[in-house]
Amino acid sequence: MAESETKRTYDLVLLGATGFTGGLTADYLAENAPEGLRWAIAGRSKEKLEDVRERLGVDVDLVVVDSSDEASLRDMAASTRVVATTVGPYLEYGGPLVAACAQEGTDYLDLTGEPEFVDRMYVEHQATAEATGARIIHCCGFDSIPHDLGAYFTVQELAKDLGGAVTGPVTMRGVVRSNGTFSGGTFHSALNAFARAKQMRDASQARKRVEQRPKDRKSRATAGKPSRDKRLGYWLVPLPTIDPFIVARSGAALASYGPAFTYSHFAGTKTLRYAAGGVVGASTLALAAQVPPVRNQLKKRVPQGSGPSEGRRDASWFSVEFVGESGGKTVQTKVSGGDPGYTETAKMLAEAALCIALDDNPTTSGQVTTATAMGDALLLRLRAAGISFDRVS
């Protein structure tokens, strides 16, 4: 650990520990953080933080901070090497913390799945973060770690079959399946994204105008079409999530993905009826989000900060299956785990935060993906924590 880093009070601060997913993340850290880790939990209410600390049963510091108070956010960022936040929707609450971390050279991780937020943060804070050395790492939960590291793992398996390196174009598809429930925060973020389609396009265009891309390689996400996947045996429905964009950004940053990398992203169902129902359901939700009274009523039905029972979470699972092709070789892999929206998301955020704070990672700065910033180190951590990354025969 560098001398400048030891001068900070904490290695890691978790913001949002009094919420549902934040509480699960705090539980995981209390059980799995290594001895000697200097960490704290943060939030607006000291009383609620004290209740969390009592439930955790560990001697962890409390940091009282308001997400709307830029001075307190700056003080918190200056006190720690890493901040992990579960406070969303991030488009509404997250910007000032990203700014504070970029200014203070503090590593930042979140659980956002909001493309507009990610693009705006790049435009507004990339230059500052690069100058201070801060690593801004969005999407450190089910959005988008299984997809980002799953694609990373699949590229590695392809390289083995191709004599040690990928030298030609790569096409890859990821297919998601799960019986888990989504979180209130994810639902609110999805509704906001549907309602802000124009603003999302504007943010994407603003990013494209300033983002530097590799000149000798190409990496892109493509919108696939509904179809039957004969290899996997599923009906495929294109998923309009942030995940394919994150995967493509890793492909642009890492030469190991080859000279031309193309990724498409789907939900997989066993029957055509469920596939058709998924398309209709997503379209209906997108239309409903355009009407403010309907959108607000939907938000009330799935409140933020709440979640399913422990029993329901224990019965939930997810899988993401990948098929990668290059140079005449085809590789199939699978990432799988338990409840995606809560239990595994909390685990992923906690392990990513520990990884960025403690492990020997590549030298990066600015807005980076989990594959770019942590790669093999995070892959090892997640496997040890019970999330499977397997090659399928």
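Criteria and thresholds
Residues numbered from 1 in each chain as written. Predicted model: local features only at pLDDT ≥ 70, side-chain atom pairs only at ≥ 80, totals over all residues. Heavy atoms only, no water. Helix = DSSP H or I, 4+ residues; strand = E, 2+ residues; numbered from the N terminus. Buried < 20%, exposed > 50% of the residue type's maximum accessible area, 1.4 Å probe, protein only. Contact = heavy atoms within 4.5 Å. Areas by Shrake-Rupley, 256 points an atom, 1.4 Å probe, with all protein chains shown as cover. Salt bridge = Lys/Arg side-chain N within 4 Å of Asp/Glu carboxyl O. Phe/Tyr/Trp six-rings, centres within 6.5 Å; stacked < 30°, edge-to-face > 60°. Axes fitted to C-alpha atoms, helices over the stretch in contact; angles between N-to-C directions. Parallel < 35°, antiparallel > 145°, perpendicular 65-115°, else oblique. Left-handed = near helix turned anticlockwise from the far one by under 90°. Nonpolar A, V, L, I, M, F, W, Y, C, P; charged D, E, K, R; others polar.

### Details of the overall build of the protein chain
- Secondary structure summary: the protein chain contains 17 helices and 15 strands in total.
- Counting over 393 residues, the protein chain shows a buried share of 51%.
- Within the protein chain, residue pairs in contact and separated by at least 24 positions form 77% of the contacts whose partners lie at least 6 positions apart.
- Here the protein chain displays about 17600 Å² of accessible surface, and carbon together with sulfur accounts for 50% of that area.

### Some remarks on the pattern of salt bridges
- Applying the stated criterion across every chain yields a total of 20 salt bridges.
- Here R81 ties to D11 by a salt bridge, and the two come within 3.2 Å at their closest N and O atoms. Placement of R81 in strand β4 (residues 80-85) and of D11 in strand β1 (residues 10-15) is noted, with a sequence separation of 70 residues between them.
- Of the residues examined, D11 reaches a relative accessible area of 3% and is grouped as buried.

### Focus: the packing of aromatic side chains
- Evaluation of the coordinates by the stated rule reveals five aromatic pairs.
- Arranged with centres 5.1 Å apart and planes meeting at 70°, the rings of F142 and F318 form a pair that is edge-to-face. Within this pair, whereas F142 is found in the loop between β6 (135-137) and α8 (145-161), its partner F318 is found in strand β12 (residues 318-326), the two being separated by 176 residues in sequence. Here F142 matches F318 in class, with each residue buried.

### Section: the packing of helix α4 (residues 70-79) against helix α6 (residues 95-104)
- Relative to each other, α4 and α6 sit at 45°, their axes nearing to 9 Å. With respect to α6, the axis of α4 lies oblique. Where α4 crosses over α6, the handedness of that crossing is right-handed. Touching E70, L73, R74, M76, A77 and A78 of α4 are P96, L97, A100, C101, Q103 and E104, all from α6.
- Its residues placed into classes, the contact of α4 with α6 shows eight nonpolar, one polar and three charged.

### Some details on the packing of α8 against helix α17 (residues 376-384)
- At a minimum axis separation of 11 Å, α8 and α17 run at an interaxial angle of 110°. When the interaxial angle is binned, α8 and α17 end up roughly perpendicular. At the point where α8 passes α17, the crossing takes the left-handed sense. Only D376, L378, L379, L382 and R383 of α17 make contact with α8, whose side of the interface consists of I145, L149, Y152, F153 and Q156.
- Broken down by class, the residue content of the contact of α8 with α17 amounts to seven nonpolar, one polar and two charged.

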